[in-house]
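# Summary of structural features
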Amino acid sequence: MVSFEEIEEVYKRLEGRLKPDEFKSMVEEKVIMMNGLCDSKTAAMLVASELGLNETIKIKDIAPDKGGVVFIAKVISIGDIHEFSRSDSSTGRVVNITFADDTGSIKAALWDEASDLVKIGDIKMGQSLKVKGYIKEGQRGLEVNVGRGGNIEHVDKAVAVNLEPMKINDIKSGMSGLNIIGRIIDTGKVRAFQRKDGTTGKVTNLTLGDETGKIRVTLWDSKAESADFKIGDTVEIINGYARENTFSNQIELQLGSGGNIMKSNTAVDYSETFTQIADIGINSAYSVTGHVSGLDEIREFDRPDGTKNKVSNIYVSDDTGRIRVALWGEHAELVNELDIGSEISIIDAFAKPGRNEEIELSAGARTRIQVLRK
DNA sequence: CCCCCCCC
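Quick caveat: nothing in here was measured; it's all calculated off a predicted structure.

Reading the values: rules and limits
Residues numbered from 1 in each chain as written. Chains lettered and ligands numbered in written order. Predicted model: local features only at pLDDT ≥ 70, side-chain atom pairs only at ≥ 80, totals over all residues. Heavy atoms only, no water. Helix = DSSP H or I, 4+ residues; strand = E, 2+ residues; numbered from the N terminus. Areas by Shrake-Rupley, 256 points an atom, 1.4 Å probe, with all protein chains shown as cover. Near = heavy atom within 4 Å. Polar contact = N/O pair within 3.5 Å; in protein donor to acceptor, adjacent residues only side chain to side chain. Contact = heavy atoms within 4.5 Å. Phe/Tyr/Trp six-rings, centres within 6.5 Å; stacked < 30°, edge-to-face > 60°. Buried < 20%, exposed > 50% of the residue type's maximum accessible area, 1.4 Å probe, protein only. Lys NZ or Arg CZ within 6 Å of the ring centre and 35° of its normal.

## Concerning the overall build of chain A
Each helix and strand counted, chain A has 5 helices and 21 strands in total. Overall, chain A is about 90 × 55 × 30 Å in size when its C-alpha atoms are taken along their principal axes. Here chain A has roughly 20700 Å² of accessible surface; of this, 47% comes from carbon and sulfur atoms.

Written out as structure tokens, the structure reads:
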């Protein structure tokens, strides 16, 4: 006899198009017909496919050789709609969407009419959709294409997703499709810049930490403009990619139009890792904590481009050594409230060779300074 | 795709 539990999974995919009892008796009939050559689950799948219903697939089972697929998933990111000219001079349009279910996530390209669903607001973040498309190997892994012959329908039942956020320490250069949950430990200003093609871009940075480490996050264009986060917020990042910054030699997380960042209620632990002063190398960012063992005056100077700036130098000591720290710009004013013996933490200062072959720290715009005791 | 890391 067939128990309903064994075939329940398959039954669910039929989305209530027939009663459980009807389905069960069809499966039992199939098992008898197969003369015991298949188990009840296989029989259930045969019945489902004979019913001519679309068999939906889980995202983790989507493979390059699948061709046409149907899956039910949640929209977890929507990119910008991109228009382009075809060789026949007609205009095409495409938008990238990331879908997720309880087994993984996948990128989809919606072409032409399908992309209009985003434009008119029929497809939005967080919706659960049934997607029919075909699989193609894209530049960054598998991609679902929804064009002619494809289809998108809304489904009532919300899809549960399991995005398995990556721990910050496990992020390697070149990775894409990254999901991360972290706490904001620093924010930056939005900057505008000119691209080679003459268009204006926007960019801003955040530093994100979790219990394994921290990472600098770069938000581009619409993601930069809409960034409204405060230090201490927990955020979830969807569909970022990692690249090495050639200046700092550190991995950074990039978030463009195909990704998403949103506030989250998850509690995230983060604690700063301090390097002992004796262990500081060069050409990398370090955080140190110790007491002030030397103070210098503020000095104002002109940069080569004519703008003015100021700097003050202090010395910081811990149990292992003493290092000179240059406090640039606004940080320079700190000398007015510090004394010999003040306790201080300097976070993310850049180490470089100073004068007389000693390493020194540079505390600039990316550095945070905490005075623990004046 | 941007920005750095400058003084004496």
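## What about the protein's contact with DNA strand B?
Near DNA strand B, the surroundings consist of 27 residues, among which R191, R243, F247, R324 and R366 are the closest. Those atoms of DNA strand B that come within 4 Å of the protein belong to sugar or phosphate at a rate of 26%. Within the side chain of R299, a nitrogen or oxygen atom sits 2.8 Å from a base oxygen of DNA strand B. Residue assignment for the surface near DNA strand B shows that the elements contributing at least two residues are β9 (191-194), β11 (213-220), β12 (234-244), β16 (299-302), β17 (308-318), β18 (321-328) and β19 (343-353).

## Some points on the side chain of N239
In this structure, N239 sits in strand β12. A polar side-chain atom of N239 sits 3.0 Å from the main-chain carbonyl oxygen of G258. Residues in contact with N239, not counting those within four places in the same chain, are S77, T98, G177, L178, N179, L255, G258 and G259.

## Some words on the packing of aromatic side chains
All told, the structure shown has 5 aromatic pairs when counted by the stated rule. Judged by centre distance (6.1 Å) and plane angle (85°), the rings of F84 and W111 are edge-to-face. In this pair, F84 sits in strand β2 (residues 82-85) while W111 sits in strand β4 (residues 104-111), placing the two residues 27 residues apart along the sequence. According to the relative accessible area criterion, F84 is partly exposed, its value standing at 23%. The ring of Y315 carries R322 above its face, with NZ or CZ at 4.1 Å from the centroid.

## So, unusual backbone geometry
For S89, which is not a glycine, the phi torsion comes out positive at approximately 70°. Assignment of secondary structure puts S89 in the loop between β2 and β3 (91-101). Of note in this structure, N249 is not a glycine but carries a positive phi near 60°. As for its placement among the helices and strands, N249 is situated in the loop between β12 and β13 (251-255). A relative accessible area of 45% means that N249 is categorised as partly exposed.

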